[in-house]
Amino acid sequence: MISTETNTLSLLLDSDSLSPALKAIARKVYNQQRISAEEGILLYKQAELGFLGILANHIREEKNGNKVYFNHNFHVEPTNVCVYSCAFCSYSRLIKNREDGWELSVDQIMNIIKGYDRQPVTEVHITGGVVPKQDLAFYKELFERIKAHRPDLHIKALTPVEFHYIFKKAKVSYEEGLKILKEAGLNSLPGGGAEIFDEGIRDQIAGGKCTSEEWLRLHEIWHNMGGHSNATMLYGHIETFEHRIDHMERLRTLQDKTGGFNAFIPLKFRNKDNQMSHVPEVSVVEDLRNYAISRIYLDNFAHIKAYWAMIGRSTAQLSLQFGTDDLDGTIDDTTKIYSMAGSEEQHPKMSTAELVELIQTAGRTPVERDTLYHVVKDYSKQQTNP
Ligand code: V47
Ligand code: SF4
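Rules of the game
Residues numbered from 1 in each chain as written. Chains lettered and ligands numbered in written order. Predicted model: local features only at pLDDT ≥ 70, side-chain atom pairs only at ≥ 80, totals over all residues. Heavy atoms only, no water. Helix = DSSP H or I, 4+ residues; strand = E, 2+ residues; numbered from the N terminus. Contact = heavy atoms within 4.5 Å. Polar contact = N/O pair within 3.5 Å; in protein donor to acceptor, adjacent residues only side chain to side chain. Buried < 20%, exposed > 50% of the residue type's maximum accessible area, 1.4 Å probe, protein only. Arc of directions from axis to C-beta. Near = heavy atom within 4 Å. Areas by Shrake-Rupley, 256 points an atom, 1.4 Å probe, with all protein chains shown as cover. Salt bridge = Lys/Arg side-chain N within 4 Å of Asp/Glu carboxyl O. Phe/Tyr/Trp six-rings, centres within 6.5 Å; stacked < 30°, edge-to-face > 60°. Core = buried A, V, L, I, M, F, W, Y, C linked by side-chain atoms within 4.5 Å. Domains from an automatic or database assignment. Nonpolar A, V, L, I, M, F, W, Y, C, P; charged D, E, K, R; others polar. Buried area = accessible area lost by both parts, 1.4 Å probe.

Student: What is the right way to look at the environment of H164 in this model?
Tutor: Position of H164 among the secondary structure elements: in helix α7 (residues 160–170). Leaving out residues up to four positions away in the same chain, H164 has contacts with Y174, C210, E214 and L218. A polar side-chain atom of H164 sits 2.7 Å from a polar atom in the side chain of Y174.

Student: Looking at this structure, how should I read helix α15 (residues 352–361)?
Tutor: One turn of an α-helix holds 3.6 residues; hence residues three or four places apart share an orientation. Every buried residue of α15 is listed here: T352, L355, V356, L358 and I359. The buried residues of α15 occupy an angular sector of 160° when projected down its axis, which confines them to one face. In α15, those exposed residues whose orientation departs by more than 90 degrees from the buried face are E357 and T361. Elements in contact with the buried residues of α15: β1 (67–71), α14 (313–319), β11 (326–329) and β12 (365–369). G363 occupies a position one or two residues after α15 and carries a positive phi of about 80°.

Student: Would you mind going over the site of ligand 1 with me for this structure?
Tutor: Near ligand 1 you find 24 residues, and of these K156, G191, G193, E195 and K305 are the closest. At a separation of 2.7 Å, an oxygen atom of ligand 1 approaches a polar backbone atom of G193. Between ligand 1 and N230, the relevant distance is 3.0 Å, taken from an oxygen atom to a side-chain nitrogen or oxygen of the residue. Its free accessible area being 630 Å², ligand 1 has 95% of it covered by the protein chains.

Student: Can you walk me through the pattern of salt bridges in this structure?
Tutor: Here the idea is simple: oppositely charged side chains can pair when their charged atoms come close. The tally for this structure, following the rule as stated, stands at 26 salt bridges. The partner of D299 in a salt bridge is R34, with the nearest N and O atoms 2.9 Å apart. Of the two residues, D299 sits in the loop between α12 (284–297) and β10 (303–304) while R34 sits in the loop between α2 (20–30) and α3 (37–46), which places them 265 residues apart along the sequence. In this structure, R250 engages E199 in a salt bridge whose closest nitrogen and oxygen atoms are separated by 3.1 Å. With R250 in helix α11 (residues 241–258) and E199 in helix α9 (residues 199–206), the pair connects residues that are 51 residues apart, well separated along the chain. Owing to a relative accessible area of 22%, R250 belongs among the partly exposed residues under this scheme. The class for E199 is partly exposed, based on a relative accessible area of 42%.

Student: When you look at the packing of aromatic side chains in this model, what are you seeing that I'm missing?
Tutor: Two aromatic rings are characterised by how far apart their centres lie and by the angle between their planes. For the structure on display, the rule yields 12 aromatic pairs. When the centroid spacing of 5.4 Å and the interplanar angle of 55° are considered together, the rings of F197 and W215 count as tilted. Remark: W215 occurs in helix α10 (residues 212–224) and F197 occurs in the loop between β7 (188–189) and α9; sequence separation between them is 18 residues. Accessibility expressed as a relative area gives 0% for F197, which makes it buried. On the accessibility criterion, W215 (0% relative accessible area) is buried. Arranged with centres 6.2 Å apart and planes meeting at 80°, the rings of F264 and F301 form a pair that is edge-to-face. Taken together, the residues span a long stretch of sequence, with F264 in strand β9 (residues 261–268) and F301 in the loop between α12 and β10 at a distance of 37 residues. Summarising the burial analysis for this pair, F264 and F301 share the class buried.

Student: For this particular structure, what's the right way to read the nonpolar core?
Tutor: Buried together is how nonpolar side chains tend to be arranged in soluble globular proteins. Grouped together as the largest cluster of nonpolar side chains are 112 residues, with contacts concentrated most on L43, F51, L142, F143, L181 and L327. Built from parts of two domains, this core gets at least three residues from each of domain 1 (4–64) and domain 2 (67–378). Excluding anything up to four places from it in sequence, F143 contacts I126, I155, A157, L158, L181, A184, G185 and L186.

Student: Explain the site of ligand 2 here, please?
Tutor: Inspection of the region around ligand 2 gives C82, Y84, C86, F88, C89, Y91, S92, G129, V161 and K209 as its neighbouring residues. Counted by class, the shell around ligand 2 contains seven nonpolar, two polar and one charged residues.

Student: Sorry if this is basic, but what is going on with the environment of P78 here?
Tutor: Within the secondary structure, P78 is located in the loop between β2 (73–76) and β3 (81–82). Using a relative accessible area of 1% as the deciding quantity, one classes P78 as buried. Spatially, the C-alpha atoms of P78 and Q108 are 9.1 Å apart, while their sequence positions differ by 30 residues. Setting aside residues up to four positions removed in sequence, P78 forms contacts with W102, E103, L104, I109, I126, T127, G128, Q134 and Y139.

Student: What is the right way to look at the domain arrangement of the chain in this model?
Tutor: Quoted interface sizes are often the accessible area lost when the parts come together. By the assigned domains, the chain splits into domain 1 (4–64) and domain 2 (67–378). Placing the centre of domain 1 and that of domain 2 at their C-alpha centroids yields a distance of 29 Å. Facing 23 residues of domain 1, the contacting portion of domain 2 comprises 32 residues. Both faces considered, domain 1 and domain 2 share a buried interface measuring about 2400 Å² in area, 59% of it formed by carbon and sulfur atoms.

Right, dumping it as structure tokens:
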């Protein structure tokens, strides 16, 4: 269903009110050509929201039609204690300052997993802080026990931040460590820990944890093992538009090599209760511009995800006109990482019926997917409530 937007875009190509540079970008999008880094920066600096929406919507409808994906998942955060102290993080409690910190055992996590036994969830998303006790042996045992208990539950777990720490501690290479965890049951990697790849900014906001090069290398190795993963970008803090394009450029280059990324997830910086509380949050308009530009720039990513639990339902719904095609999952109030940072959703939980309605009232077609975007249920095939 690309006819309306295709017409809008072709009208735009005939418009006299656009600068030649923006018109050249619109022409590239129309002809399915890749835009350059300079053009990406120009979009951030000069393009109006309406123009970006037309381009991004054109691409999202070419790639995904009218579909909006969601899944049934829940999060497990094994600990909020962390050896690192990223300046943007509202969630971690330093090892020495544990009052409201938690550190779950494998048994405790299995009890959480068993709590979902009769529920139709397809994915568990496991990630959190980094602590010495939760090492390679801990995660190997955890994944094995989850698979022994519920073999069909997809384990999407851990980021290069955790991998780098636990593999180094276990004195194994990235390849060996990933192989051990894959054999234990790890199915795919979430997109966290990417933050912003520019080394100068990364050093200021997330110094000490895995480098950008290490983040990219771990995903590349995982892709070369036949695995899939997501990628995020933390935006709206002290980075510039150039840094955002540099971040996406590095991802686009890796995706050209491996094709292993499923979705790109822009994560808006939230400023409550962290060391960067003095940095104001960006506007909703900036959120929509950023979604649209990522849709335009990342021509080799199939999906752009608006993570509703962090951006809030209204902005997530609006973003469906600005390039996004995925809202993540029902989540079930199991993640604290954004509520502690001040997101609109203090108890992120949506029923299937609510998610379906949110998508349908935006004029889109809900599709429940599994983690790898296989269709679980296509709601265009029915008129009434799920
Ligand atoms: O890496 C932490 C971010 C990420 C803040 O792959 C913050 O499907 C904003 O990656 N403001 C972890 N962001 C979450 C994540 C994720 C979430 C949902 C789906 C997927 C997926 C991945 O959360 C961290 C960091 O970039 N974060 N603190 C904050 N104050
Ligand atoms: Fe630790 Fe992750 Fe928070 Fe950084 S963002 S302090 S690595 S939990």
